[in-house]
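Here's the letter readout for the chains.
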Amino acid sequence: MNHFLDIHKTDAADLRQIIDGARATKEARKGQPKGTPDADQPLKNHMVALIFEKPSTRTRVSFDLGVRQMGGQTMVLSGSEMQLGHGETIADTARVLSRYVDLIMMRTFEEQTLLEMAEFADVPVINSLTNRSHPCQIMADVMTFEEHRGPIAGKKVVWSGDGNNVFASFAHAAQRFDFDLTFTGPEPLDPEEALDGMYQVERDPFKAVDGADLVVTDTWVSMHDPQSARERRHNQLRGYQVNADLMAHAKPDALFMHCLPAHRNDEATSEVMDGPHSVIFDEAENRLHAQKAIMRWCVGG
Ligand code: CP
């Protein structure tokens, strides 16, 4: 069964097939209204459950639209409104949903919840964010980089800020797609130890971005972080803001990415987000195309 649980759990050849497939489908749809069905309908007669235990704009809309373009139907389920949030086990939920739907997409808090869903489901499960990773986002980001700059292999990617779940998927991708990844951020917000060896560390953000082909950041307070940590994190991360001065130390044609939603003028200035280096809205669009290719792979298309 083709679950899409994490980038490092998926073969490099399959990941490449997904990225190339996403680019081909995007190209084939160019200029068509968003509601036009794809010429190819790999999800025809398929029912897809989209489970959200956390808020979402991009993931919810892009998965829903993608399923429809591929000929399927969706059910959007909120964790708090399901019995899952009221004591029913994940294993039982997985077995029940497998009788109703052909594919499950899940956004949840604990990675263990996703893993149990995949273990007990008889249908493919897709990770659309846990506290530990965000693989669909980084598949879209790799696609976006390659659209603008060609193969990402051998390029220098620099992450500035919190070593969070989105960074973790970049670290997994660095290994699978063979690019160089540098983390710059304060030591208390280092990535989790399981990622050691997958990236370099440079505490000085200006030195870190020297020669960078891509500079990436993310919100300083993630959905699973307590709001009480907000002021402390702002103090810790202030020096790692991506602004015009920092971008000027990267390669002249460096790209800037942020998975959004952003807190403008905290982790990145509006000048950078709306400036010539920025591809943030291409990233958002490519969630749609990358996830369609992931779903196609999951159902064996
Ligand atoms: N980047 C991302 O996953 O956005 P949403 O939280 O809006 O889905």
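Everything here concerns the structure above.
These numbers were taken from a predicted model, which means no experiment stands behind them.

(A) Quick look at the packing of helix H1 (residues 12-29) against helix H5 (residues 135-149). Where H1 meets H5, the axes come as close as 10 Å, and the angle between the chain directions of the two elements is 65°. Relative to H5, the crossing made by H1 is right-handed. On H5, the residues touching Leu15, Arg16, Ile18, Ile19, Ala22, Arg23 and Lys26 of H1 are Met139, Val142, Met143, Glu146 and Glu147. Split by residue class, the contact of H1 with H5 holds seven nonpolar, no polar and five charged.

(B) Structural context of the pairing of strand S6 (residues 180-184). Most of S6 is tucked away: four of the five residues are buried. Sheet topology note: the strand S5 (residues 156-160)/S6 ladder contains five bridges and is parallel. Bridge pairing in S6 links Ser160 to Thr184. After leaving S5, the chain enters helix H6 (residues 165-177) and then returns to the sheet as S6, a path that is right-handed. Taken together, the two bridges between S6 and strand S7 (residues 200-201) define a ladder with parallel strand orientation.

(C) Main features of the pairing of strand S2 (residues 73-78). Two elements, strand S1 (residues 47-52) and S2, share six bridges in a ladder whose sense is parallel. For Val48, the partnering residue across the bridge sits in S2 and is Thr74. For the handedness criterion, the β-α-β arrangement of S1, helix H2 (residues 58-69) and S2 is classed as right-handed.

(D) Quick look at the state of the cysteines. If you walk through the whole model with that rule in mind, you get zero disulfides. The thiol of Cys136 is unpaired, and the distance to the nearest cysteine sulfur, on Cys298, comes to 8.5 Å. Given the relative accessible area of 6%, Cys298 is considered buried.

(E) How the structure looks around the pattern of salt bridges. Under the criterion given, the structure shown has 16 salt bridges. Close ionic contact of Glu146 with Arg16 constitutes a salt bridge, the shortest N to O distance being 2.8 Å. Residue Glu146 is found in helix H5, and its partner Arg16 is found in helix H1; the two are separated by 130 residues along the sequence. By relative accessible area, which is 6% here, Glu146 ends up buried. Looking at Arg16, the relative accessible area reads 28%, which means it is partly exposed. With a closest N to O distance of 3.1 Å, Glu27 and Lys30 form a salt bridge. By relative accessible area, which is 59% here, Lys30 ends up exposed. Via salt bridges that share partners, Arg16, Asp20 and Glu146 belong to a single interconnected network.

(F) Inspection of the packing of H5 against H6 at higher detail. At a minimum axis separation of 9 Å, H5 and H6 run at an interaxial angle of 55°. Between H5 and H6, the angle falls in the class oblique. The way H5 lies across H6 gives a crossing that is right-handed. On H6, the residues that touch Pro135, Ile138, Met139, Asp141 and Val142 of H5 are Val166, Ser169, Phe170, Ala173 and Phe177. For the contact of H5 with H6, a count of residues per class yields eight nonpolar, one polar and one charged.

Parameters and conventions
Each chain has its residues counted from 1, following the order in which its sequence is written. Residues qualify for local features only when their pLDDT is at least 70, as the model is predicted, and side-chain atom pairs are given and counted only at 80 or more; totals for whole chains, interfaces and linings, by contrast, use all residues. In computing side-chain properties, one takes all heavy atoms of the structure into account and sets aside hydrogens as well as water. Note on geometry: axes are lines fitted to C-alpha atoms, helical ones only across the stretch in contact, with angles between N-to-C directions running from 0 to 180 degrees. Secondary structure elements follow DSSP: runs of H or I of four or more residues count as helices, runs of E of two or more count as strands, with numbering from the N terminus. Note on convention: the crossing is left-handed when the near helix lies turned anticlockwise from the far helix by less than a right angle, right-handed when the turn is clockwise. Between two residues, a contact is recorded if the distance between any of their heavy atoms is within 4.5 Å. Think of it as three bins: nonpolar holds Ala, Val, Leu, Ile, Met, Phe, Trp, Tyr, Cys and Pro, charged holds Asp, Glu, Lys and Arg, and polar takes everything else, Gly as well. Residue exposure (1.4 Å probe, protein chains only): buried if accessible area is under 20% of the type maximum, exposed if over 50%, otherwise partly exposed. Pairs of strands are assigned from DSSP output, requiring at least two bridges between the strands. By convention, a crossover is right-handed whenever its connection, traced from the first strand over the helix to the second and viewed with the strands pointing away, goes clockwise. Counting rule for disulfides: a pair of cysteine sulfur atoms within 2.5 Å. A pair is scored as a salt bridge if a Lys or Arg side-chain nitrogen falls within 4 Å of a carboxyl oxygen belonging to Asp or Glu. Throughout this description, any angle smaller than 35 degrees is read as roughly parallel, any larger than 145 degrees as roughly antiparallel, any in the 65 to 115 degree range as roughly perpendicular, and the remainder as oblique.

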